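Notes for the structure review
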Amino acid sequence: MNTTTTSRSLAVAGLTAMSLGWISPLAAQQPPAAAPPPEAPTLDAVAAEDLSSLATGMVAGVVVQGELDFLTAWGTPGRESTDSLEATALLAYPGMTEILVAVTVRALGAAGMLDPQAPLSRILPEATGRLGQVTLDQLLSHTAGLDNAALPPGRTWEEALDGLDDDAFVTEPGEVFSASRYSYPLAARILERAVGMPFSEIATQAVLTPLAMARSTFDLDTARERGLVTGYEFDGTGSVAVDPVDRAAGLPVLFTATPDVLQLLSAWMSGGIRGSSPLGAAPADVPRMDPARHFSDGLTQDV
């Protein structure tokens with residue numbers, strides 16, 4: 001076994017014990033939810049409507065005070081399948097990687113391994129000008145001032161991130177909310193440089209394993225072995241099956257199951273991950289290009 005890899009693994013495991021874990025869920029301090037009104041639609045009715053028009057399958061679950069209380073599935077894993085969809089089936093969830101980036105930043109910050117409010121130049125010496133002044137907090141809240149230009153034709157994400165300079169900014173860092181496709185891939189690069197490991201390994205050791213997200217993986221072959229469902233996109237006339245990819249928008253794709261997603265979001269929304277804020281906490285106090293919405297830590301919310 002490579003001794004360098006082993007020592008890195010032990011280091012990340014150590015920081016995880018300090019920085020990730022459950023604290024008293026906010027839900028435990030709230031009175032029981034009122035019963036739904038008699039005319040409220042049932043889950044079966046909602047699922048039947050969506051399966052008739054949009055999806056081939058649906059999974060629903062409920063977590064109460066950190067424990068999975070309800071889990072069920074409807075439909076099939078794909079249009080060509082007659083099998084029943086398993087409630088623990090995996091789906092490709094590229095957007096969840098952004099949340100994992102944010103959770104991992106908070107975990108490493110709480111462990112003292114990096115400062116989310118420090119300029120990037122402390123970790124990336126080659127980051128100069130405006131880029132060197134940007135902080136991880138600004139990247140996570142899309143207030144870094146970076147533009148949202150499309151990836152230049154023929155360039156990889158690595159090349160695009162390497163090429164970020166003052167021309168990639170629409171404003172000074174910290175002045176305005178402006179979503180940028182480069183914010184989270186750049187934050188993941190900072191994490192990789194700080195820890196010395198690929199982001200997928202950092203997230204697995206710092207988040208997936210401590211939160212018992214046992215079915216989640218960044219490996220496409222493993223996901224297929226565990227029961228990856230078919231994904232679809234709409235081409236204007238109907239849904240077309242798409243081949244899963246292991247990277248999208250500059251980040252590794254997380255293949256995950258509904259119980260694992262609920263486990264992560266339950267901790268995140270309640271403030272149960274050390275170093276995080278409860279979902280819905282006020283974003284950075286800066287003007288927003290869209291005053292009706294804000295984006296923070298991988299989550300877009302109406303305000």
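For the structure, see preceding data.
The structure reproduced in this document is the subject of the present report. Quick caveat: nothing in here was measured; it's all calculated off a predicted structure.

Focus: the packing of aromatic side chains
Using the criterion set out here, one finds two aromatic pairs in the structure. Ring centres of Trp157 and Tyr182 lie 5.4 Å apart, and the angle between their planes is 55°; on these two criteria the pair is classed as tilted. Separated by 25 residues along the polypeptide, Trp157 in helix 6 (residues 157-162) and Tyr182 in the loop between helix 6 and helix 7 (183-195) bring together distant segments of the chain. The class for Tyr182 is buried, based on a relative accessible area of 5%. Geometrically, the ring pair formed by Phe199 and Phe218 is edge-to-face, given 6.4 Å between the ring centres and 75° between the ring planes. Residue Phe199 is found in helix 8 (residues 199-208), and its partner Phe218 is found in the loop between helix 8 and helix 9 (220-225); the two are separated by 19 residues along the sequence. The same class applies to Phe199 and to Phe218, which are both buried.

Describing unusual backbone geometry
With a phi close to 55°, His142 is a non-glycine residue in the positive phi region. Mapping His142 onto the fold places it in the loop between helix 5 (136-140) and helix 6. The buried category is assigned to His142, whose relative accessible area is 5%. The phi dihedral of Ala212 falls on the positive side, at around 55°, and the residue is not glycine.

Section: the pattern of salt bridges
Counted according to the given criterion, the structure contains six salt bridges. We note a salt bridge from Arg193 to Glu126, for which the minimum N-O separation is 2.9 Å. One end of the pair, Arg193, is in helix 7; the other, Glu126, is in the loop between helix 3 (94-110) and helix 4 (129-133), with 67 residues separating them in the sequence. Look at Arg193 and you get partly exposed, because its relative accessible area is 41%. Asp221 serves as the salt-bridge partner of Arg224, at 3.9 Å between the closest nitrogen and oxygen.

Focus on the nonpolar core
Among the nonpolar cores identified, the biggest contains 48 residues, and Val101, Leu139, Leu186 and Leu264 are the most heavily contacted of them. Of all the elements in the fold, those that place two or more residues in this core are helix 3, helix 5, helix 6, helix 7, helix 8 and helix 10 (258-269). Residue contributions to this core peak at eight residues, all from helix 3. Aside from chain neighbours lying at most four places away, what touches Leu139 is Leu120, Val134, Ala144, Leu146, Ser183, Tyr184, Leu186 and Ala187. In this structure, Leu90, Leu220, Phe255 and Ala257 belong to the second largest nonpolar core, which totals seven residues.

Here's the deal with helix 3
Here helix 3 spans 25 Å end to end across 17 residues, near enough to the 24 Å set by a 1.5 Å rise per residue. The element helix 3 is extensively covered by neighbouring structure, given that twelve of its 17 residues are classed as buried. Listed in full, the buried residues belonging to helix 3 are Met96, Thr97, Ile99, Leu100, Val101, Ala102, Val103, Thr104, Val105, Arg106, Ala107 and Leu108.

Notes on the pairing of strand 5 (residues 239-242)
Here four bridges tie strand 4 (residues 231-234) to strand 5, and the two strands are oriented antiparallel to one another. Opposite Gly231, over in strand 5, you have Val242 as the bridge partner. Connecting strand 4 to the antiparallel partner strand 5 that follows it, the hairpin turn spans four residues, and Gly236 within it adopts a positive phi of roughly 105°.

The rules we used
Residues numbered from 1 in each chain as written. Predicted model: local features only at pLDDT ≥ 70, side-chain atom pairs only at ≥ 80, totals over all residues. Heavy atoms only, no water. Phe/Tyr/Trp six-rings, centres within 6.5 Å; stacked < 30°, edge-to-face > 60°. Helix = DSSP H or I, 4+ residues; strand = E, 2+ residues; numbered from the N terminus. Buried < 20%, exposed > 50% of the residue type's maximum accessible area, 1.4 Å probe, protein only. Salt bridge = Lys/Arg side-chain N within 4 Å of Asp/Glu carboxyl O. Core = buried A, V, L, I, M, F, W, Y, C linked by side-chain atoms within 4.5 Å. Contact = heavy atoms within 4.5 Å. Expected span 1.5 Å × (residues − 1). Pairing = 2+ DSSP bridges.

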